[in-house]
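As a plain string of letters, each chain reads:
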Amino acid sequence: MKRSYLRLAAPFAVAALALTACSGGSGNGGANAPEGESGGVVVANGSEPQNPLIPTNTNETGGGKIVDLIYAGLVYYDADGAAQNDLAESIETEDSQNFTIKIKEGETFSDGSPVTAKSFVDAWNQGVAQSHLSSHFFEPIKGFPEDGEAPADFAGLEGLKVVDDQTFTVELSQPEADFPLRLGYSAFYPLPEAGIGDADAVAAFGAAPVGNGPYLLESGDDWKHNESIMLKPNPKYDGPRKAKNGGVEIKFYAQQDAAYNDLLGGNLDVLDAVPDSAFSSFETELGDRAVNQPSATFQSFTIPERLAHFDGEEGNLRRQAISMSINREEITDTIFQGTRSPAHDYTSPVIDGYNENVEGNEVLNYDPEKAKELWAKADEISPWEGSFEIAYNADGGHQAWVDATTNSIKNVLGIDAKGAPYPDFKSLRDEVTNRKIETAFRTGWQADYPGLGNFLAPLYATGAGSNDGDYSSAEFDGLLKQAAGAKSVEESNELYLKAQTVLFKDLPAIPLWYSNVTGGSTEAVNNVQFGWNSVPLYYQITK
């Protein structure tokens, strides 16, 4: 399955395209609903955001789901992953290095303040200046700090220039053909003047943000931490993602089983993560309201090089041995029952350019004898001691596969291996982000934009914001740079495949499987559609 791409041809121009959402349902009205649309509030599942809701500092799914509803960018991605204009009137270039971006007139934030070219430029510069988690996305822009850390006197990226209220220009350090495709990711959203300031002021703004998307947070009181967040339709937004319901309430669940039971009981309208305990029954129980479809989601676990026995030659041998001791096919069959498929690379089969025959991916094959041999060679360098643990968040439905994976490792290698549960996603992510975790830990990637590079650069490039294992390879970085600067997406994809051969030699993360989106909805809602990246298109749901 291939996803649609935004193709550019000289003279390059991104046409203004709009997705027209269906608007079914009875249209029972409501004070907060757009005229003629359904007034019901859609109740969905989610998790407590790790950080205040600042687009450039949100790189996890709990916060990302909310950020994408309360902000709007230059483009957005439709259900098939194709880029469509949102605030952009046009994005033009003749050389894939110098871009002129015009935004639509009359756009405002939910407080009535105007969305201007400066709103984008200031937000992007602030992300770099304060080393936000997604600042790596601005690395292609001319003037990005070489080490990723902005100096004290940082005055903004040289390649960003405001021309007038509706126009700004972007100069990249080199031509990058897929740059416009990335602009739908949340790191590229704008901020009002109230969202620009020092770190403390920005965090305070993010606790009760003012956005420009289809929904708004009326006050910080609507965010009940570790419980839920209530989002109302934003009357100032009149773009292609205009809300067709009376709002979205996202409940934060400690256990996926509780969310699924709420769905069955009618206390939850839409669920985007069925627990493993229901994999064998949810399609029967939900009938035509069940969803089980491929998505741009990749699962793995990361072993930081700072852990004892996992650096240098010894570490490389142990990583290979651990990978070959995991019976991915058995785990995906018995635990996931057709909702996952064994990984063959570091990306996703639904992304254009995917190739399952990457050189070096034989380390993903289940080979107990080879695994034992490699482990023994590592022991000759330094004898193993202790246990091998994989940390995971207990609120995410991960215990079954972690137990199965560590049991497979234990049975093959004859070592103590087990899961290390954290109570919730935020507590795990805080330990990972602050580099306090002393075990391997579950990782994964839900694509930001439909490109192979999005699965590679943010996670494994030196210093990247989501490079949680602190992996660094000059060879890999060089191939990423070549791929980004390729003249066509096709040429770029070939270089991304070559870059993956380096990952298979170093194994900074152990690929496990590709995930389907498994979810469903109740009879109370209509027009439920899950997008290419497994997230429901909440704005078009009616109730």
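Residues numbered from 1 in each chain as written. Predicted model: local features only at pLDDT ≥ 70, side-chain atom pairs only at ≥ 80, totals over all residues. Heavy atoms only, no water.

**Thoughts on the side chain of Glu48**
Move 1: Note that Glu48 resides in the loop between strand 2 (42-46) and helix 1 (61-70).
Move 2: A polar contact of 2.6 Å, which involves the side chain of Glu48, links it to the backbone nitrogen of Asn226.
Move 3: In this view, Glu48 contacts Trp223, His225, Asn226, Phe252 and Lys426; residues no more than four positions away in its chain are not counted. (Helix = DSSP H or I, 4+ residues; strand = E, 2+ residues; numbered from the N terminus. Polar contact = N/O pair within 3.5 Å; in protein donor to acceptor, adjacent residues only side chain to side chain. Contact = heavy atoms within 4.5 Å.)

**Considering the packing of aromatic side chains**
Move 1: Across all of its chains, the model carries 25 aromatic pairs by this definition.
Move 2: With a centroid separation of 5.9 Å and 85° between ring planes, the pair formed by Tyr354 and Tyr514 is classed as edge-to-face. Residue Tyr354 is located in the loop between strand 15 (340-342) and helix 9 (368-381), and its partner Tyr514 is located in strand 19 (residues 509-521); the two are separated by 160 residues in the primary sequence.
Move 3: Classification of Tyr354 by relative accessible area gives partly exposed; the value is 22%.
Move 4: According to the relative accessible area criterion, Tyr514 is buried, its value standing at 4%.
Move 5: Of the aromatic side chains, those joined through ring pairs into one cluster are Phe99, Phe120, Trp124, Phe137, Phe138, Phe168, Phe179, Tyr185 and Phe188. (Phe/Tyr/Trp six-rings, centres within 6.5 Å; stacked < 30°, edge-to-face > 60°. Buried < 20%, exposed > 50% of the residue type's maximum accessible area, 1.4 Å probe, protein only.)

**Points about the UniProt feature "domain: Solute-binding protein family" (unreviewed entry) in the protein chain**
Move 1: Mapped onto this numbering, the UniProt entry gives "domain: Solute-binding protein family" (unreviewed entry) at residues 84-466.
Move 2: The span residues 84-466 carries 27% helix and 20% strand; its end-to-end C-alpha distance comes to 26 Å. (UniProt positions renumbered as here; feature names shortened; annotations may be inferred.)

**Thoughts on the pairing of strand 5 (residues 88-93)**
Move 1: As paired strands, strand 5 and strand 6 (residues 98-103) are joined by five bridges and run antiparallel to one another. Pairing of Ser90 across the sheet is with Lys102, part of strand 6.
Move 2: The turn joining strand 5 and strand 6, which pair antiparallel and follow one another in sequence, is formed by four residues; a positive phi near 60° is taken by Ser96. (Pairing = 2+ DSSP bridges.)

**Some remarks on the layout of surface pockets**
Move 1: Within this model, the largest pocket holds a volume of roughly 910 Å³.
Move 2: Taken together, 42 residues make up the lining of the largest pocket; nearest its centre are His136, Glu139, Phe144, Ala461 and Thr462.
Move 3: Breaking the lining of the largest pocket down by element, the ones donating at least two residues are helix 11 (425-433), helix 12 (457-460) and helix 13 (474-484).
Move 4: Of all the elements, helix 13 adds the most residues to the lining of the largest pocket, at five residues. (1 Å grid on protein atoms, 1.4 Å probe; cavity = no way out; pocket = protein on both sides within 12 Å on 5 of 7 lines; lining within 4 Å. Points joined across faces, edges and corners; volume = space filled by probe spheres on them.)

**Re helix 2 (residues 117-129)**
Move 1: Its 13 residues give helix 2 an end-to-end C-alpha distance of 18 Å, which sits within 8% of 18 Å, the value for a rise of 1.5 Å per residue.
Move 2: With ten of its 13 residues buried, helix 2 lies for the most part within the structure.
Move 3: Here helix 2 has its buried residues at Ala117, Ser119, Phe120, Val121, Ala123, Trp124, Asn125, Gln126, Gly127 and Val128.
Move 4: Of the surrounding elements, those touching the buried residues of helix 2 are strand 6, strand 7 (160-164), strand 8 (167-171) and helix 4 (199-207).
Move 5: In the segment just after helix 2, Ser131 is the residue with positive phi, at about 50°. (Expected span 1.5 Å × (residues − 1).)

**Describing the environment of Leu497**
Move 1: Mapped onto the fold, Leu497 is located in helix 14 (residues 489-506).
Move 2: Between the C-alpha atom of Leu497 and that of Thr542, which follows or precedes it by 45 residues, the distance is 42 Å.
Move 3: Dropping the residues within four chain positions of it, Leu497 is found in contact with Gly353, Asn355 and Val358.

**Points about the environment of Ser382**
Move 1: Looking at the secondary structure, you find Ser382 in the loop between helix 9 and strand 16 (387-393).
Move 2: Taking relative accessible area as the criterion, Ser382 reaches 22% and is therefore assigned partly exposed.
Move 3: Sequence-wise, Ser382 and Glu314 are 68 residues apart; in three dimensions their C-alpha atoms are separated by 7.4 Å.
Move 4: With sequence-adjacent residues up to four places away left out, Ser382 is seen in contact with His309, Glu314 and Arg318.

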